Every structure is written in C-alpha cells, then in structure tokens.
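# Notes for the structure review
Single-letter residue listing:
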Amino acid sequence: MTFETLLYERDDDGIALVTINRPDKLNALNATVIDELDRCFAAMAADDAVRGVVLTGAGPKSFVAGADISRFPDLDAVSGRRMALRGQAVFNRIEAMPRPVVAAVNGYALGGGCELAMACHLRVAAENARFGQPEVDLGLIPGYGGTQRLPRLVGRGLATEMILTGAPIDARRAHAIGLVNRVVPAEELLDAAKGLAATIAKKAPVAVALSLEAIRASELDLPHGLAHEAALFGQACATEDFKEGVAAFLERRKAAFKGR
Ligand code: COA
C-alpha cells in the first residue's frame, strides 16, 4: 500500500508498521492523514496476513502533535462538528480492528495525537513521550474522542485535570495513571511495540478478536458520548475565543480570551 502521508510495511510475523510521516509538522493530522488512516486500517482489517499493527509517528520528536491547526481558521459550528465526526469515525475504525493495534508513542502525543493513541488497543511509550489535551489553550475542546476515552482510561478526576489545564504529562506519569501500558527507552520503542503485537498475534486469532469485541462492548454508551462531544466541538468552533486561540498559536503569541 502506498500513501502520501503514511509509510506502510509488514514483517515476517505479520505485524504491520504504520508510520504517520509529516515530521516537519510533528505529524499533525490533516485531512489527508485522516483519510489515509481510514483507507489503511480498512485494508488491514480485510487482510488476514496482517496479524497485528504498530502505529507510530516519523522522527524522534513526535508521535502526533494534534489535529493540524493550520486548517482551523476556517472552521465554524457546522464544519467543526463535521470534522470531529470524521476523525471520530476513523478512530472508531482503528478501535474496531479485530487484531491488536499498539501505539508506539515517540515524543508528543497532544490533542488528536493523545486521542489517536487512546483509540489504539495498547500503548507503549518512549521515555520522552508527552501526553496532553491542550485544546483549551486554543479555545476548543477535544473532538476526536478525548472527552470520552480519557476518563475511561484514567478516571474522571485525572481526565478532568488534563482537559481543563491542558498541561501535558510525561511517560512515567502516563504509566502511573494507566494511560500507557509500558515505558521503554526511545531506541527500544519499536521493538517493544512490535514484540507486544507479535506476542498477541501468536494467540488464537478468533479469541483475540472476540476479546477485543467484548472489551469494546463494555463501552456501550461510547457512541452517544462521541456524538455529544462532536456537537460541543462544533459549538466551540463558533466562538470568538476559538478564533483568537488559533490565531495566537499561528502567530506564536499568547491568546487573549474574552469569554465569548
Ligand atoms: N498543527 C499544525 N502544525 C503544527 C502542529 C499542529 N497541531 N503542531 C506543530 N506544528 C508545526 C509548527 O507549526 C511548526 O511548523 P513550522 O516549522 O512550519 O513553523 C512545526 O510543526 C514544529 O513545531 P514547533 O512549534 O516549532 O515545535 P516546538 O518544539 O517549538 O513545539 C509543540 C512543539 C508540540 C509544543 C508545539 O508545536 C505545539 O504546541 N503544537 C500544538 C499542540 C496542540 O495544541 N495540539 C492540539 C491541537 S487541537
């Protein structure tokens, strides 16, 4: 499979390595990345030769530094909600993979990057990984599932703190609160993530697929939560503070929010 923004390879164990490849933009998720993740995971789900997946970001600095903020100035309530629903649908497809999907988190996993890692079944982090939901600094809320998956993974109190302060946490802290499964030195990250996927790939495939489906079923109200998140994301996109927050990021200055 060939893509503009993804690299794809598969090893002898049937473990696919999918690398988001925009390192000059810290692998930010633009519409092409979202579309290509959709296509890539659809193809892998239909390919029995793929026994497991490792998802990572190109370069040593970043897994994914969020949705691509350069597309934000044009967003309004309608297009914002549509963007959130589209990203959520692709992340749901990743979560619905019948074979294990392991995020190998190298560096920043912020905003949509943290949400993408959470849509994977398991997370292995390099020691330099940083996790956060900084949308509030842009006058925005998480829109790719963060308000729903973060409380489920780490509990409501810690998720609320992360979403309301926007402050990132390091890999050790992420491990301590259950956001990641393992922390390893950066140079061991890909081998550790592939090893975890390969271990699971050797188990009974149907039992693995049914386990993943049963675990997903423990979240039966997730679809309603995601729909609500997308509607509120759209509302946030219609505020002056959102325009100001995005302009401030793009102009590299501090935002002056007015509360409207
Ligand atoms: N969307 C679009 N571009 C992004 C981006 C994003 N989410 N995150 C980083 N980039 C771009 C920068 O604009 C810059 O591009 P340029 O070289 O063309 O100017 C490049 O990636 C490198 O980022 P830079 O900010 O210079 O790196 P840094 O090491 O100083 O800071 C971060 C790294 C992650 C702290 C900073 O990039 C950041 O805060 N990014 C936004 C995180 C965020 O708010 N994500 C949630 C979005 S909803």
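Refer to the preceding data block for the structure.
The structure reproduced in this document is the subject of the present report.

Conventions we followed
- Residues numbered from 1 in each chain as written.
- Predicted model: local features only at pLDDT ≥ 70, side-chain atom pairs only at ≥ 80, totals over all residues.
- Heavy atoms only, no water.
- Axes fitted to C-alpha atoms, helices over the stretch in contact; angles between N-to-C directions.
- Helix = DSSP H or I, 4+ residues; strand = E, 2+ residues; numbered from the N terminus.
- Parallel < 35°, antiparallel > 145°, perpendicular 65-115°, else oblique.
- Left-handed = near helix turned anticlockwise from the far one by under 90°.
- Contact = heavy atoms within 4.5 Å.
- Nonpolar A, V, L, I, M, F, W, Y, C, P; charged D, E, K, R; others polar.
- Buried < 20%, exposed > 50% of the residue type's maximum accessible area, 1.4 Å probe, protein only.
- Pairing = 2+ DSSP bridges.
- Near = heavy atom within 4 Å.
- Polar contact = N/O pair within 3.5 Å; in protein donor to acceptor, adjacent residues only side chain to side chain.
- Areas by Shrake-Rupley, 256 points an atom, 1.4 Å probe, with all protein chains shown as cover.

Now for the packing of helix 4 (residues 146–154) against helix 5 (residues 156–165). Each packed pair of helices is defined by two parameters, the angle between the axes and the distance between the axes. Running from N to C, helix 4 and helix 5 cross one another at 135°; their axes reach a closest spacing of 7 Å. By the angle class used here, helix 4 and helix 5 are oblique. The two elements helix 4 and helix 5 cross, and the hand of that crossing is right-handed. Here helix 4 contributes Gly146, Thr147, Leu150, Pro151 and Val154 to the contact with helix 5, which in turn contributes Arg156, Leu158, Ala159, Met162 and Ile163. Class assignment of the residues belonging to the contact of helix 4 with helix 5 gives a composition of 7 nonpolar, 2 polar and 1 charged.

Moving on, we come to the pairing of strand 7 (residues 122–126). By the criterion of burial, strand 7 is predominantly enclosed, with 5 of the 5 residues buried. Alternating residues of strand 7 divide into Leu122, Val124 and Ala126 and Arg123 and Ala125, and every residue in both groups is buried. In this sheet, strand 7 lies alongside strand 5 (residues 101–105) in parallel orientation, the contact comprising 4 bridges. Residue pairing in the sheet places alanine 104 in a bridge with valine 124 of strand 7. As paired elements, strand 7 and strand 10 (residues 182–184) share 3 bridges and run parallel to each other. Counted as the bridge partner of alanine 125 is valine 183 from strand 10.

Every regular strand shows the same layout, with side chains that alternate between the two sheet faces. Bridge count between strand 1 (residues 6–10) and strand 2 (residues 15–20): 5 bridges; the pairing is antiparallel. By the bridge assignment, leucine 7 is partnered in strand 2 with threonine 19. Hairpin connection, strand 1 to strand 2: the antiparallel pair is bridged by 4 residues, and glycine 14 has positive phi, about 85°.

Quick look at the site of the ligand now. Taken together, 18 residues surround the ligand, and among them Lys25, Lys61, Ala65, Ala67 and Ile69 come closest. Here a nitrogen atom of the ligand and a backbone polar atom of alanine 67 are 3.0 Å apart. Taken by itself the ligand offers 870 Å² of open surface, and the protein chains cover 69% of this. Looking at the shell around the ligand residue by residue, the class counts come to 11 nonpolar, 1 polar and 6 charged.

Turning our eyes to something else, we now look at the sheet that holds strand 7. Spatially, the 6 strands line up as an open sheet ordered 1-2-3-5-7-10, and their pairing is mixed. Because the sheet does not close on itself, it has two edges, and the strands there are strand 1 and strand 10. Pairs of neighbouring strands in the sheet enclose a mean axial angle of 20°, with direction left out of account. Packed onto the sheet, helix 1 (residues 31–45) meets strand 1, strand 2, strand 3 (52–57) and strand 5 and runs at close to 15° relative to strand 1. Strands strand 1, strand 2, strand 3, strand 5, strand 7 and strand 10 of the sheet are contacted by helix 7 (residues 189–201), whose axis makes an angle of about 160° with strand 7.

So, on to the sheet that holds strand 8 (residues 130–132). The sheet built from 4 strands is open, its strands ordered 4-6-8-9 with mixed pairing. Each edge of the sheet is formed by a strand with only one pairing partner; in this case those strands are strand 4 (62–64) and strand 9 (169–170). Strand direction decides the pairing type here: strand 8 and strand 9, joined by 2 bridges, are antiparallel. Bridge assignment links phenylalanine 131 to a residue of strand 9, and that residue is isoleucine 169. Sitting on the sheet, helix 3 (residues 112–119) is in contact with strand 4, strand 6 (108–110) and strand 8, with an inclination near 75° to strand 4.

Inspection of the secondary structure puts leucine 196 in helix 7. Residue leucine 196 is classed as buried on the basis of its relative accessible area of 11%. Placed 73 residues apart in sequence, leucine 196 and arginine 123 show a C-alpha to C-alpha distance of 9.9 Å.

Further remarks concern unusual backbone geometry. A positive phi angle is found at leucine 26, which is not glycine, with a value near 50°. Relative to the helices and strands, leucine 26 resides in the loop between strand 2 and helix 1. When its relative accessible area of 25% is taken as the criterion, leucine 26 is described as partly exposed. The phi torsion at asparagine 27 lies on the positive side, around 65°, for a residue other than glycine. Accessibility expressed as a relative area gives 0% for asparagine 27, which makes it buried.

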